[in-house]
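A closer look at the structure
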Amino acid sequence: MKSTGIIKNILLVEKETRMDVSLEAGVIKDIGKPNTLKGPILFDGSESCLSTGWIDLHVHAFSDFSPYGDEIDDIGVKQGVTTIVDAGSCGADKIDELYQRALYSDTQLFSFLNISKIGLERIDELSNLSWIDKELCISAAHKYPDMIIGLKARISSSVVKGNGTIPLKSAIEISKQLELPIMTHIGSAPPKIQDVIPLLRQGDVITHFLNGKDNNLFGDNGEPLNVLKEAVDRGVNLDVGHGNASFSFDVAKQAQSANIHFDTISTDIYKKNRIHGPVYSLSNVLSKFLYLDYSLKEIINAVTLKPAEIINKPQLAEFREGILANLTLFDVVDEEISLIDSAQQKVKTKKFIKERGVVTNGKFIKL
């Protein structure tokens, strides 16, 4: 049911100002000065913040697959995330099923289609080149143009086995025909990172760019590799993709020192790392960047404006009267907690982000 009422005296992060927001049947009817709009109170935001709905650019939302799977709403609206982008859980074989499940979820779902038709049914999905079926990929993308916003290729040794960069070159060939970007997972060699990154183009996405594995984007001295700097210069997007093994506080500090900035902050979340960590939630991952002393505005931009741009859905980051509301409400809590990265390094922080509610397609859900 679409919601009617007032979100009262809440801090809009993008504009760094407090305001009242009036909803009528889920549509933003009025935006006013704090404590001025009249009507039933949906949420008192006097100690809270508001942004357009959070977008998690890298999740695994096909619950049939293990270990990389979860329920759509469990990693979506229940965690303050109005839009998730499934990052290659499904290839052409299972994309119909993912589409059907998305229809019955409160969370909006898009997909980077795995170029392997079997998707993550196996975790070596690019070890057999016959599983990369160009025609099936193109057919699936044409069947679900509103859902499939790109292609996914996981380029690390455990996935490609002896195939090196051949799967990525195949992905690029398919993506050119579809005019869609690629999200590329980077991990352990072979292939070497120096052979992978130069293949990526403007608009493509490197996920796991802050991983602490040997085959990462920063040299032994902590300086960014030339292939990384060149990729940034030509417009390749950098995505966090925390995951079970792909985020290091130490590497994040190296990137910060070198002024290598994330474009998007995402979780690479699935059931195991949601329940047992080190990911837990998008808000937990965002809190790690608050600990690293990034501003709240740039952190929130990385889960609103920038991912909306990458997936070519700019309307998801709009906040104005007359549109169906997609919003995230959250607190910045002054309380000491521990945070942990993928290398099991623990840090203490005195400030963290906690989701409080969402408006998803006009429906308010308090958390």
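First, a word on scope: everything that follows refers to the structure included in this document.

Procedures and definitions
Throughout, residues of each chain are indexed from 1 in the direction in which the sequence is written. Confidence filtering applies because this is a predicted model: local features only for residues at pLDDT of at least 70, side-chain atom pairs given and counted only at 80 or more, and all residues used for totals across whole chains, interfaces and linings. The basis for every side-chain value is the complete set of non-hydrogen atoms in the structure, without hydrogens or water. Secondary structure elements are defined from DSSP: runs of H or I of at least 4 residues count as helices, runs of E of at least 2 residues count as strands, and each element is numbered from the N terminus. Remark: exposure states derive from per-residue accessible area (1.4 Å probe, protein chains only) relative to the maximum for the residue type, with buried under 20%, exposed over 50%, and partly exposed in between. For a helix, the expected span equals 1.5 Å multiplied by the residue count minus one. Note on contacts: a residue pair is in contact if any heavy atoms of the two residues lie within 4.5 Å. Whether two strands pair comes down to DSSP finding at least two bridges between them. Working definition: rings of Phe, Tyr and Trp (its six-membered ring) pair if their centres are within 6.5 Å, and the pair is stacked with planes under 30 degrees apart, edge-to-face with planes over 60 apart, and tilted otherwise.

1. Regarding unusual backbone geometry
With an omega dihedral of 5°, the bond running from P190 to P191 counts as a cis peptide bond. Note on placement: P191 falls in the loop between strand 10 (182-186) and helix 5 (193-196). Here the bond from G277 into P278 is cis, since omega is 10°, no more than 30 degrees from zero. Among the secondary structure elements, P278 is positioned in the loop between helix 8 (271-275) and helix 9 (282-291). For N9, which is not glycine, the phi torsion reads 50° and is therefore positive. Given a relative accessible area of 12%, N9 falls into the buried group. Its identity as a non-glycine residue notwithstanding, E179 has a phi of 60°, on the positive side. As for its placement among the helices and strands, E179 is situated in the loop between helix 4 (166-178) and strand 10. Judged by relative accessible area, E179 falls into the exposed class, the value being 73%.

2. Some details on helix 4
The end-to-end C-alpha distance of helix 4 is 19 Å, a good match for the 18 Å that 13 residues give at a rise of 1.5 Å each. Of the residues making up helix 4, those classed as buried are P167, L168, A171, I172, I174, S175 and L178. Those residues of helix 4 that are buried lie in contact with helix 2 (134-143), strand 9 (148-155), helix 3 (157-160), strand 10 and helix 5. With its phi angle positive at about 60°, E179 sits one or two positions after the end of helix 4.

3. Regarding the pairing of strand 3 (residues 27-32)
Of the pairings in the sheet, the one linking strand 2 (residues 17-24) to strand 3 comprises five bridges and is antiparallel in character. Across the sheet, the residue bridging to L23 is I28, located in strand 3. The hairpin formed by strand 2 and strand 3 contains two residues between the paired strands, and A25 there has a positive phi angle of roughly 50°.

4. As for the packing of aromatic side chains
For the structure on display, the rule yields 11 aromatic pairs. Consider the rings of W54 and F330, whose centres lie 5.4 Å apart with planes at 45°: the pair is tilted. Taken together, the residues span a long stretch of sequence, with W54 in strand 6 (residues 54-59) and F330 in strand 13 (residues 327-340) at a distance of 276 residues. Ring plane angle 70° and centroid distance 5.2 Å describe the contact between F262 and F289, whose orientation is recorded as edge-to-face.

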